[in-house]
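One letter stands for each residue in the lines below.
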Amino acid sequence: MLRNALIAGLIATASLSVSATAIAADAATATGYSTAETSIGTLLDDPAAKAVLDKVMPSFSTNPQIEMARGMTLKQVQQFAPDQMTDEVLAKVDAELTKVPVKK
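It is worth spelling out helix H4 (residues 47-56) at this point. Residues of H4 that are buried include every one of Ala49, Val52 and Leu53, and no others. Burial along H4 is one-sided: seen end-on, the buried residues are contained in an arc of 95°. For H4, exposure combined with an orientation more than 90 degrees from the buried face picks out Pro47 and Lys55. On the buried face of H4, the contacting elements are helix H3 (40-45), helix H5 (74-78) and helix H6 (87-97). Put simply, Asp46 is the residue that caps the front of H4, since its side-chain oxygen is 2.9 Å from the backbone nitrogen of Ala48.

Shown next as structure tokens:
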């Protein structure tokens, strides 16, 4: 179900500007990781941040479609999978991400 929601969402947002998302991710990286500001790609590329995703959302980082979402934030993906990626889940991810030092 999450996979189908991700696919539908990615197709629907194909025109999303990757450069604008990258700028937001860079700004977030300066202050810390977050579900609203840090790109999924940035989180997946940092082993400690990826471990947080695996802890809170066990199947997220291994989803075969995840590579297509690398330029999006978790908050952006939430609209396509609101049942699996609730505000509560994102709050848990954010709480765990505060413990992760930002990789420079």
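Relative to the assigned elements, Glu96 resides in helix H6. Glu96 sits in the buried class, given a relative accessible area of 19%. Along the sequence, Glu96 and Leu53 sit 43 residues apart, while their C-alpha atoms lie 9.0 Å from each other. What Glu96 contacts, discounting residues up to four positions off in sequence, is Val52, Lys55 and Val56.

Each value, and the rule that gives it
- Residues numbered from 1 in each chain as written.
- Predicted model: local features only at pLDDT ≥ 70, side-chain atom pairs only at ≥ 80, totals over all residues.
- Heavy atoms only, no water.
- Buried < 20%, exposed > 50% of the residue type's maximum accessible area, 1.4 Å probe, protein only.
- Helix = DSSP H or I, 4+ residues; strand = E, 2+ residues; numbered from the N terminus.
- Arc of directions from axis to C-beta.
- Contact = heavy atoms within 4.5 Å.
- Polar contact = N/O pair within 3.5 Å; in protein donor to acceptor, adjacent residues only side chain to side chain.

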